[in-house]
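# Tertiary structure, described
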Amino acid sequence: MLKFKKIKKDDTVVVITGKDKGKMGRVLRVLRDKGKVLVEGVNKAKKHVRRISEELPGGITEVEMPMDISNVMLYCPECKRGVRVGFRVESDGKKVRICRSCGAIV
Ligand SMILES: [Zn+2]
């Protein structure tokens, strides 16, 4: 379960596999129970929308689909790439998330 805590809402992540490999995006939602994340602009799928009214005629729209959390890595601004994350307990007892490549707090 710990691995699900490594990615949070509003994190910037890099896709490491699939058709959107290499893309970066902001995490819109984390679906913890499913182990999936919804990333802005990534893993888009066409969706048919039912006609609701004159103003909302429906049709085909593109929406982000949740993807497996293991398909993304947290983006480290220091390393400028997706990295593995770890945790470190600071001297004040606060737990911080760090980049396992450069040690920066991310
Ligand atoms: Zn780093």
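Take the side chain of Arg 97 next. Mapped onto the elements, Arg 97 comes out in strand S10 (residues 95–99). At a separation of 2.8 Å, a polar atom in the side chain of Arg 97 contacts the side chain of Asp 11. Each residue touching Arg 97, except ones within four places of it in the same chain, is listed here: Lys 6, Ile 7, Lys 8, Asp 11, Leu 74, Val 85, Gly 86, Phe 87, Ala 104, Ile 105 and Val 106.

Here the focus is the coordination of the zinc ion. Protein coordination at the zinc ion: the donors are Cys 76 (SG), Cys 79 (SG), Cys 99 (SG) and Cys 102 (SG), at 2.2 to 2.3 Å from the metal. Coordination geometry of the zinc ion: the four donor atoms subtend angles of 103 to 112° at the metal centre, consistent with an arrangement described as tetrahedral. Here Cys 79 falls in the partly exposed class, since its relative accessible area comes to 22%.

Going through the model one piece at a time under the given rule, you end up with eight salt bridges. For Asp 11, the salt bridge identified is with Arg 97, shortest N-O distance 2.8 Å. Of the two residues, Asp 11 sits in the segment before strand S1 (12–15) while Arg 97 sits in strand S10, which places them 86 residues apart along the sequence. Here Asp 11 matches Arg 97 in class, with each residue buried. Of the charged contacts, one joins Lys 46 and Glu 62 as a salt bridge, the two residues approaching to 3.4 Å between their closest N and O atoms. With Lys 46 in strand S4 (residues 44–49) and Glu 62 in strand S5 (residues 59–64), this pair connects stretches of sequence that are 16 residues apart.

Turning next to unusual backbone geometry. Generally, phi is negative for residues other than glycine and the peptide bonds are trans, each holding for most cases. Backbone geometry at Asn 43 places phi at a positive 60°, although glycine is not the residue there. Structurally, the position occupied by Asn 43 is in the loop between strand S3 (36–39) and S4. We note that Lys 80 has phi near 60°; this positive angle belongs to a residue other than glycine. Relative accessible area serves as the criterion here: at 61%, Lys 80 is assigned to the exposed category.

Parameters and conventions
Residues numbered from 1 in each chain as written. Predicted model: local features only at pLDDT ≥ 70, side-chain atom pairs only at ≥ 80, totals over all residues. Heavy atoms only, no water. Helix = DSSP H or I, 4+ residues; strand = E, 2+ residues; numbered from the N terminus. Polar contact = N/O pair within 3.5 Å; in protein donor to acceptor, adjacent residues only side chain to side chain. Contact = heavy atoms within 4.5 Å. Donors = N, O, S within 2.8 Å, 3.2 Å for Na, K, Ca; no water. Tetrahedral: all angles 85-135°; square planar, octahedral: opposite > 155°, others 65-115°. Buried < 20%, exposed > 50% of the residue type's maximum accessible area, 1.4 Å probe, protein only. Salt bridge = Lys/Arg side-chain N within 4 Å of Asp/Glu carboxyl O.

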